[in-house]
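Fold and contact review
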Amino acid sequence: MRVTSTSCLCPVLVCLCFVQRCYGAAHHGSIKVTRNQTKHIEGETEVHHRPKRGWVWNQFFVLEEHMGPDPQYVGKLHSNSDKGDGSVKYILTGEGAGTIFIIDDTTGDIHSTKSLDREQKTHYVLHAQAIDRRTNKPLEPESEFIIKVQDINDNAPKFTDGPYIVTVPEMSEMGTSVLQVTATDADDPTYGNSARVVYSILQGQPYFSVDPKTGVIRTALHNMDREAREHYSVVIQAKDMAGQVGGLSGSTTVNITLTDVNDNPPRFPQKHYQLYVPESAQVGSAVGKIKANDADTGSNADMKYTIINGDGSGVFSISTDKETREGILSLKKPLNYEKKKSYTLNIEGANTHLDFRFSHLGPFKDVTMLKIIVGDVDEPPLFTMPSYILEVYENAKIGTAVGTVTAQDPDTANSLVRYFIDYNTEEDRYFTIDASTGTIKTAKIFDREETPWYNITVAASEIDNPGLVSYVPVGVRILDVNDNPPRLSREYDVVVCENAKPGQVIQTITATDKDYSANGARFHFSLDEGLSLNPNFTLRDNEDNTASILTRRRRYSRTTQDIYYLPVLISDGGVPALSSSSTLTIRVCACERDGQVRTCHAEAFLSSAGLSTGALIAILLCVVILLVFSLAIVVLFITLRRSKKEPLIISEEDVRENVVTYDDEGGGEEDTEAFDITALRNPSAAEELKYRRDVRPEVKSVPRHHPSSSLDSIDVQEFIKQRLAEADLDLSVPPYDSLQTYAYEGHRSEAGSISSLDSATTHSDQDYNYLGDWGPEFKKLAELYGEIESERTT
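To keep things clear, this report deals only with the structure shown in the data block. (Residues numbered from 1 in each chain as written. Predicted model: local features only at pLDDT ≥ 70, side-chain atom pairs only at ≥ 80, totals over all residues. Heavy atoms only, no water.)

**What to know about the overall build of the protein chain**
- Counting its regular elements, the protein chain contains 6 helices and 42 strands.
- For the protein chain, buried positions account for 32% of its 794 residues.
- For the protein chain, the computed accessible surface area is about 50,000 Å², with 53% contributed by carbon and sulfur atoms. (Helix = DSSP H or I, 4+ residues; strand = E, 2+ residues; numbered from the N terminus. Buried < 20%, exposed > 50% of the residue type's maximum accessible area, 1.4 Å probe, protein only. Areas by Shrake-Rupley, 256 points an atom, 1.4 Å probe, with all protein chains shown as cover.)

**Quick notes on the nonpolar core**
- Formed by 23 residues in total, the largest nonpolar core has its most connected members in Phe383, Val405, Phe431, Ile440, Val458 and Val474.
- Among the secondary structure elements, those contributing two or more residues to this core are strand S26 (388–393), strand S29 (417–421), strand S30 (431–433), strand S32 (453–462) and strand S33 (469–479).
- For Phe383, the contacting residues outside a window of four places in its chain are Tyr388, Val405, Thr406, Ala407, Tyr419, Val458, Ala459, Ala460, Ser470, Tyr471 and Val472.
- By size, the runner-up hydrophobic cluster in this structure holds 22 residues, among which are Val496, Ile549, Ile586 and Val588. (Core = buried A, V, L, I, M, F, W, Y, C linked by side-chain atoms within 4.5 Å. Contact = heavy atoms within 4.5 Å.)

**Quick word on the environment of Asn262**
- With respect to the element layout, Asn262 can be found in the loop between strand S17 (249–259) and strand S18 (272–278).
- Its relative accessible area of 1% is what places Asn262 among the buried residues.
- Spatially, the C-alpha atom of Asn262 lies 9.1 Å from that of Phe356, the residues being 94 residues apart in sequence.
- If near-sequence neighbours (up to four positions away) are discounted, Asn262 is found in contact with Asp296, Asn300, Asn351, His353, Leu354, Asp355, Phe358 and Phe364.

**Some thoughts on the side chain of Asn484**
- Considering the arrangement of structural elements, one finds Asn484 in the loop between S33 and strand S34 (487–488).
- By relative accessible area, Asn484 is classed as buried at 17%.
- Side chain to side chain, Asn484 and Glu449 meet in a polar contact 3.2 Å long.
- Reaching out from Asn484, the side chain makes a polar contact with the side chain of Asp483 at a distance of 2.8 Å.
- Apart from residues lying up to four places away in sequence, Asn484 is in contact with Glu449, Asp513, Lys514, Asp515, Asp572 and Leu578. (Polar contact = N/O pair within 3.5 Å; in protein donor to acceptor, adjacent residues only side chain to side chain.)

**Some remarks on helix H5 (residues 716–729)**
- Across its 14 residues, H5 extends 20 Å between first and last C-alpha, which sits within 8% of the 20 Å expected from 1.5 Å per residue.
- All of the buried residues along H5 are Val716, Phe719, Gln722, Arg723 and Glu726. Buried residues of H5 fall within an arc of 120° about the axis and therefore sit on the same side. For H5, the exposed residues lying more than 90 degrees away from the buried face are Gln717, Leu724 and Asp728. (Expected span 1.5 Å × (residues − 1). Arc of directions from axis to C-beta.)

**Concerning unusual backbone geometry**
- For the bond running from Gln205 to Pro206, omega is 5°, close enough to zero to count as cis.
- Looking at the element boundaries, Pro206 is found in the loop between strand S13 (198–203) and strand S14 (208–210).
- Omega for the peptide link from Gly362 to Pro363 comes to 5°, which places this bond in the cis form.
- Examined against the element boundaries, Pro363 turns out to sit in the loop between strand S23 (342–351) and strand S24 (365–375).

**Overview of the packing of aromatic side chains**
- Counted by the stated rule, this structure contains 15 aromatic pairs.
- Ring centres of Phe316 and Tyr343 lie 5.6 Å apart, and the angle between their planes is 75°; this geometry places the pair in the edge-to-face category. Of the two residues, Phe316 is situated in strand S21 (residues 316–321) and Tyr343 in strand S23; the sequence distance between them amounts to 27 residues.
- Looking at Phe316, the relative accessible area reads 1%, which means it is buried.
- For Tyr343, a relative accessible area of 7% gives the class buried.
- One aromatic cluster in this structure is built from Tyr430, Phe431, Phe446 and Tyr454.
- The cationic tip of Lys121 hangs over the ring face of Tyr124; the distance from NZ or CZ to the ring centre is 5.4 Å.
- The aromatic ring of Tyr337 is capped on one face by Lys341, whose charged end is 4.8 Å from the ring centroid. (Phe/Tyr/Trp six-rings, centres within 6.5 Å; stacked < 30°, edge-to-face > 60°. Lys NZ or Arg CZ within 6 Å of the ring centre and 35° of its normal.)

**Notes on the pairing of S32**
- Most of S32 sits inside the fold, with 7 of its 10 residues counted as buried.
- Pairing geometry for S29 and S32, over 5 bridges, is antiparallel. Paired with Ile421 across the two strands is Val458, which belongs to S32.
- Hairpin connection between S32 and S33: a loop of 6 residues separates the two successive antiparallel strands. (Pairing = 2+ DSSP bridges.)

**Remarks on the pattern of salt bridges**
- The full count for this structure, using the stated rule, is 18 salt bridges.
- For Asp105, the salt bridge goes to Arg133, with nearest N and O atoms at 3.9 Å. Of this pair, Asp105 sits in the loop between strand S7 (101–103) and strand S8 (109–112) while Arg133 sits in the loop between strand S9 (123–132) and strand S10 (143–150), and the two are 28 residues apart along the sequence.
- What makes Arg133 partly exposed here is its relative accessible area of 32%.
- Overlapping salt bridges, with partners in common, bring together Arg226, Glu227, Glu230 and Asp260 in one network. (Salt bridge = Lys/Arg side-chain N within 4 Å of Asp/Glu carboxyl O.)

**A short note on the sheet that holds S23**
- In spatial order, the strands read S18-S24-S23-S20; together these 4 strands make up an open sheet with mixed pairing. The open sheet has two edge strands, S18 and strand S20 (303–309), and neither has a second partner. Each adjacent strand pair in this sheet contributes to an overall mean axis angle of 30°, direction not counted.
- Pairing of S20 with S23, which is carried by 6 bridges, proceeds in the antiparallel orientation. (Axes fitted to C-alpha atoms, helices over the stretch in contact; angles between N-to-C directions.)

**Some details on the sheet that holds S30**
- The strand order S27-S31-S30 describes an open sheet built from 3 strands, whose pairing is antiparallel. Only two strands of the sheet have a single neighbouring strand rather than two, namely strand S27 (401–404) and S30. Going from strand to strand, the sheet's axes swing by 25° on average, the running direction of each strand aside.
- Two elements, S30 and strand S31 (residues 439–442), share 3 bridges in a ladder whose sense is antiparallel. Bridged to Phe431 within S31 is Thr442.

**A few points about a nonpolar patch on the surface**
- A surface patch of nonpolar side chains, amounting to about 510 Å² of accessible area, comprises Tyr770, Trp774, Phe778, Leu781, Leu784 and Tyr785.
- Of note, Leu784 is situated in helix H6 (residues 779–793). (Patch = residues over 30% accessible without salt bridge, like charges linked within 9 Å, V, L, I, M, F, W, Y side chains within 5 Å.)

**A word on the pairing of S21**
- Here S21 pairs with strand S22 (residues 326–331) via 6 bridges, running antiparallel. Its bridge partner lying in S22, Ser317 is registered against Ser330.
- Hairpin connection from S21 to S22: 4 residues lie between these consecutive antiparallel strands, with Arg325 at a positive phi of about 60°.

**Focus on the state of the cysteines**
- Per the counting criterion, the structure on display carries 2 disulfides.
- Residue Cys497 pairs covalently with Cys591 via a disulfide, S to S 2.0 Å. In this structure, the disulfide formed by Cys497 and Cys591 twists by about -85° around the S-S bond and is classed as left-handed. Separated by 94 residues along the polypeptide, Cys497 in strand S35 (residues 494–497) and Cys591 in strand S41 (residues 579–591) bring together distant segments of the chain. (Disulfide = S-S within 2.5 Å.)

**Considering the environment of Glu323**
- On the secondary structure map, Glu323 appears in the loop between S21 and S22.
- You can call Glu323 exposed: its relative accessible area is 71%.
- Along the primary structure Glu323 and Asp302 are separated by 21 residues, whereas in three dimensions their C-alpha atoms are 9.3 Å apart.

Pasting the structure below:
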């Protein structure tokens, strides 16, 4: 198949076209592609050989952006099998076939029907085939070829990052790089000069220049001064076709700002300044401002002001305002027109951030002279002291002089001064002042113990100019006199144990005095001498402003006396000495052996156990429940016994119904009223025979042996035998044993009675203190015998 083209525009295409035409002339204008042939040799099998083709040109070119009315001719396909009779049909497939590219199936001519853009698609891959029109069989294998879109200069260069904003320091050397700009061209950089860009500067000369190839912008002048001009607008152009006529171009703007450097020293606008300051100016206040100009900005213009010399360097100070870069002049000491009327200061202003590259432009500091004129002002009176402290004794009479304050007019006129008290508080009305002399006097009687100090404010003004007033604080201290007797420092709760020993300290007391320590620091304690000697307690002065209360006897009893009163006399060491009497209340309490108080009152026994009311109620409730439960068990037991036991006497009337039970308990050994024991002690004192009280007596004669004759005998043994015989012969007793007990101690014993009855009437010299050593089980017994001993001692 032969492919021909008429688009021989570039040198390569011209060469290819030349080869094509020369080769075609040798073969009658066609590229022959031989078909597959098979050669048969006798005795051998059929052998296949690759087809031999002629040289095929497989690339076409088409111009982009074709704007003509007719389709653009691309090239021609031709097969060696084509005899020109129309039997060969050409078919085109691939990218854009049938839409962008069409082929004449008879002649093989290819045309482009649309305008193409190389920047969108650079080439198309297509396939061509020649078939027999009648049989639709391919005459040759399918061939692939490419149609390239040939570029034209239809895209101008563009700056994608513009416009630009950039800075460069002022005073930079010529040729200092500022910025590199880059423009892009969408045309084919491999074909011609369509994408070859050259840079040039349209605006910004002669300050800046640009490299035509690299696009680097540089400074074009020496020492560009920011203070002369700060902002520059530079326009850069990029042109393709290597800058030739007809090339397309694009431009961008570069905004360049010169940044500041410290290349300008500060300068005061004047070499001499004058400032007026009134003498009434307050210390620490600002009295003036001064400023040195600096053409630089930012930190390069930062300034520091100092006073380098002058007679006012000790009176004035200067500081720097960082916002306004001004020097603030302040007053360090008060001014006095009458003493000094003017001052001279030399003030220096210097940069704080130096750039040594520009030190040759210095020095970066400047000096000016400031003259300060002190103005005369009518001033208020001046007190001789900044404050006063005066003293007066308490109880002083009204009108007593406390002290004097003095003020003078500091001006040359030396006007007269009037004094008065500034009555701002109620305390100020406790004093008066003489308007002419300034003498302060009392207006009431003071009590140091009530208020020991008073603060007042005294004012002084000129008589000629009452509006000028000065004030001074005055403190008045009230001095003490001995007018308060000493007293006990608190209410004491004094306790003495029942088992206390003579000479035992039971309490240490202290005293207090409202007066100042000089009038009452030393206290003397004693008992009231007007009373008789106290047999129970005494007092000992410890000579350290304390006193001790001691016992004078052994053992105390709560039952005998539970409270004692002890008058104590206390006197101070003031002049004259004052004294007072106080009474101590001493309670008698039961204590442990280590002295710890156990109880002081009978009702306190339960509380000493440490139980609360709720706990006691709970314990009592439990006891009641146990008693009820026990009683129920006893009743149940008795009921069961009665239900099981058969009656011993079968009769209509059970004699046990007459049994009377007494559950009364005796009063113990001390109960002498419940039973007369003398009957057993002396049988001869017994009455006539009495009937038994445990059974009901019958009204019938029962033979008895009356032992009336035996009652006269003092033999107890016979008496008991008679009672035993009566019990055995008595027919009215129940048919079960009955126990009757008689107790008699006898008489005429050499050892005497061992009974505790009537023992309270006897006396013994025995010491029962050892009972306290037997442990907590014998505490009650030790207390009982301790009380008996105490009563005997009393």
